[in-house]
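Chains, contacts and geometry: an overview
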Amino acid sequence: AGYEVPLVVTRPDKPKGRGLEMSETPVKLAAVELGLAVFQPPGLKKPKNQQAIREAKPDLIVVAAYGRILPPAVLGIPSRLPHGQYGCINVHGSLLPKYRGAAPIQWAVINGEALSGVTIMAMNEGMDTGDILARAGTPIEPTDTAGTLFDRLAAMGADLLLKTLPRAMDGTLTPEPQDEALATMAPMMKKGDGAIDWTRSWRRVADLVRGTDPWPGAFTFTPQGLRLRIFPFLEKAVVGNGKPGEVLEIDGRGMVVGTGAGAVLVRELQPAGKRRMSPGELANGRKLAVGDVLGESR
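Note that the coordinates shown come from a computational prediction; the quantities given were computed from them, not determined experimentally.

Once that is clear, we can look at helix 5 (residues 146-170). Relative to the 36 Å expected for 25 residues at 1.5 Å per residue, helix 5 spans 35 Å between its end C-alpha atoms, a close match to the ideal helical length. Along helix 5, the helix axis deviates most sharply at Thr164, where the bend reaches about 35°; the proline Pro166 sits within four residues downstream. Taken as a whole, helix 5 has its buried residues at Ala146, Leu149, Leu153, Met156, Gly157, Leu160, Leu161, Thr164, Leu165, Ala168 and Met169. Elements that come into contact with the buried residues of helix 5 comprise strand 5 (61-64), strand 6 (88-92), helix 4 (104-110), strand 7 (115-122), strand 8 (132-139) and helix 6 (202-211). Phi turns positive one or two residues past the end of helix 5, at Gly171, with a value near 80°.

Right, here's the structure in full:
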């Protein structure tokens, strides 16, 4: 779009996989490919790290999915805009003030929201509490997962950012304060957030499975204690009467599992340490059977 990017700041490389080989962030890989300078501090509270950003002399700082709150010293660095009024701009994956925090996309799907979107906001010292500069919405489709919605919102966010930047730079935007009465939070996801509560309705179970894909993944346990990851299935109730978590059928389609209201058809699962497979394959290995009640590890 014609902007000069003097510095790209991203999280440090970290070990990944069984071999614990150092993995570079996608942001770093893209920046290196574009020939841009990259800075990977473990945090931004230390004066020396703040100085590295200050020396880049940014007119504007754009933040997207960085995962850390910028300290006041960094918020005040940009020099182009008067008093740093819009000096730091954030691209956030929700329609603020709903879903402030680290995992807005996942929680929107888990909670069964019909609409999501992106917000461009002027940053302040709070957690996604700054004035709204622009917003754009998109329906959450029944087949969406957190992963597919993330990809769609990422593209929308980039497009909205480029439409917003010129007006942010020339001062023609009218910022909109957030309504605190409408604010909700979207805390960072933990591995345990993927645990399926089969006593909930079939739709809430489906939303959890979709909202935790690809990470942390929805899971349950067999009566023998085998951990099963459950992959997204068609968001559609199926005929079945049984206890919550009870395996009612296993056939070529998958397995029918009872919930607190209705039943669901699980087409694919993954036992701990094994490959993805159909429920029928697991049943053939005598690790799953009709009548089993899935639930918490015992």
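Text resumes after the structure shown.
The amide bond that connects Asp213 to the next residue, Pro214, takes the cis arrangement and shows omega of 15°. Along the polypeptide, Pro214 turns up in the loop between helix 6 and strand 9 (218-221). The step from Trp215 to Pro216 runs through a cis peptide bond, and the omega angle for that step is 5°. In this structure, Pro216 sits in the loop between helix 6 and strand 9. Although it is not a glycine, Lys57 adopts a positive phi angle of roughly 50°. Inspection of the secondary structure puts Lys57 in the loop between helix 2 (47-54) and strand 5. Residue classification places Lys57 among the exposed residues on the basis of a relative accessible area of 67%. Not every positive phi belongs to a glycine, and Arg286 is a case in point at roughly 60°.

Moving on, we come to the pairing of strand 10 (residues 227-230). Pairing of strand 9 with strand 10 involves four bridges; the strand directions are antiparallel. Looking at strand 10, one finds that Thr220 is bridged to Leu228. Judged from the three bridges that link them, strand 10 and strand 14 (residues 269-271) form a sheet pairing that is antiparallel. By the bridge assignment, Leu228 is partnered in strand 14 with Pro271.

Across the two faces of strand 5 the burial differs, with Ile61 and Val63 buried and Val62 and Ala64 not buried at all. Inspection of the sheet shows strand 5 paired to strand 6 by four bridges, in the parallel sense. Within strand 6, the residue paired with Ile61 across the bridge is Cys88.

Here we come to the environment of Leu248. Relative to the elements of secondary structure, Leu248 occurs in strand 11 (residues 247-251). Placed 190 residues apart in sequence, Leu248 and Pro58 show a C-alpha to C-alpha distance of 61 Å. Beyond its immediate sequence surroundings of up to four residues, Leu248 is in contact with Gly240, Asn241, Gly242, Val256, Gly258, Ala263 and Val290.

A word on the nonpolar core. Ile89, Ile120, Ile196, Ile230, Phe233, Met255 and Leu269 are the most contacted members of the largest nonpolar core, which has 48 residues in total. For this core, the element with the most residues is helix 5, which contributes eight residues. Ile120 has contacts with Ile89, Asn90, Val91, Asp131, Ile132, Leu133, Ala134, Gly157, Leu160, Leu161 and Thr164, leaving out every residue within four places of it along the chain. With 15 residues, the next largest nonpolar core counts Leu44, Val74, Cys88 and Ile132 among its residues.

A separate point is the environment of Asn241. Mapped onto the elements, Asn241 comes out in the loop between strand 10 and strand 11. When the C-alpha atoms of Asn241 and Val209 are compared, they prove to be 21 Å apart, with 32 residues separating the residues in sequence.

Attention now moves to the sheet that holds strand 5. Read from one edge of the open sheet, four strands run 5-6-7-8, paired in mixed fashion. Of all strands in the sheet, those with a lone pairing partner are strand 5 and strand 8, marking the two edges. Neighbouring strand axes in the sheet, compared pairwise and without regard to direction, differ in orientation by 15° on average. Sheet strands touched by helix 5: strand 5, strand 6, strand 7 and strand 8. Its angle to strand 8, the strand with the most contacts, is close to 150°.

Here is what the cut-offs are and how they apply
- Residues numbered from 1 in each chain as written.
- Predicted model: local features only at pLDDT ≥ 70, side-chain atom pairs only at ≥ 80, totals over all residues.
- Heavy atoms only, no water.
- Helix = DSSP H or I, 4+ residues; strand = E, 2+ residues; numbered from the N terminus.
- Expected span 1.5 Å × (residues − 1).
- Bend = angle between axes of the 7 residues up to and from the residue.
- Buried < 20%, exposed > 50% of the residue type's maximum accessible area, 1.4 Å probe, protein only.
- Contact = heavy atoms within 4.5 Å.
- Pairing = 2+ DSSP bridges.
- Core = buried A, V, L, I, M, F, W, Y, C linked by side-chain atoms within 4.5 Å.
- Axes fitted to C-alpha atoms, helices over the stretch in contact; angles between N-to-C directions.

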